[in-house]
Amino acid sequence: MHLQRIVMPSGLVSWTAFDDHGAAVPEIRDFVLFLEARRYAPSTIRHYARHVVQLGNYLGSLGKSFAQLTAPEFDRFLMSAVRYGSHQATVHAGTVPLHWEHCTGSASLHNQVLFSIKGFYQFLGSLHESDL
């Protein structure tokens, strides 16, 4: 899965995610549209989408979907995304630490990853709540 920048004819920039087969990932595209409708800053939208894509890649390396994320898996993703950068989290997906170490990443990055994933799952939850 990868994130792709989209430039509209009007000059506006948006983002969408494509899976390994080149198909758009609707959950992430809808999440980006949701953030844009709420007038999040373009850089915030880019970072949130990037973290969700990396979570998707992390889960894909475990053979799971977004709906199958467990708390321990999220903790491992968050730890590796902060420590190694979210682009390396997938490499460490199958690694189970023998003992917990203090993360050397910044608190700012930790919160950014945490809030982006939390916002994504709140968005997914609101989709099911609004079904009539």
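Everything discussed here concerns the structure shown above.
How each quantity is defined
Residues numbered from 1 in each chain as written. Predicted model: local features only at pLDDT ≥ 70, side-chain atom pairs only at ≥ 80, totals over all residues. Heavy atoms only, no water. Helix = DSSP H or I, 4+ residues; strand = E, 2+ residues; numbered from the N terminus. Buried < 20%, exposed > 50% of the residue type's maximum accessible area, 1.4 Å probe, protein only. Expected span 1.5 Å × (residues − 1). Phe/Tyr/Trp six-rings, centres within 6.5 Å; stacked < 30°, edge-to-face > 60°.

Q: Please explain unusual backbone geometry as it appears in this structure.
A: You will see that Arg39, though not glycine, has its phi angle at about 60°, which is positive. Among the secondary structure elements, Arg39 is positioned in the loop between helix H1 (26-37) and helix H2 (42-61). The exposure class assigned to Arg39 is exposed, which follows from its relative accessible area of 75%.

Q: Any chance you could explain helix H3 (residues 71-84) here in plain terms?
A: Each turn of an α-helix holds 3.6 residues, which means side chains three or four residues apart point in the same direction. Under the 1.5 Å per step criterion, the end-to-end length of H3 is 20 Å for 14 residues, consistent within 8% with the ideal 20 Å. Residues Glu73, Phe74, Phe77, Leu78, Met79, Ser80, Ala81, Val82 and Arg83 constitute the buried set of H3.

Q: Honestly, the packing of aromatic side chains in this entry has me stumped. Any pointers?
A: Geometry of an aromatic ring pair is reported as the spacing of the ring centres plus the angle between the planes. Summed over all chains, the structure comprises seven aromatic pairs. The interplanar angle of 40° and the centroid separation of 5.0 Å between the aromatic rings of Phe34 and Phe123 together place this pair among those described as tilted. Residue Phe34 is found in helix H1, and its partner Phe123 is found in helix H4 (residues 107-129); the two are separated by 89 residues along the sequence. For Phe34, a relative accessible area of 23% puts it in the partly exposed group. Three or more aromatic residues joined by ring pairs form one cluster here, namely Phe31, Phe34, Phe66, Phe120, Tyr121 and Phe123.

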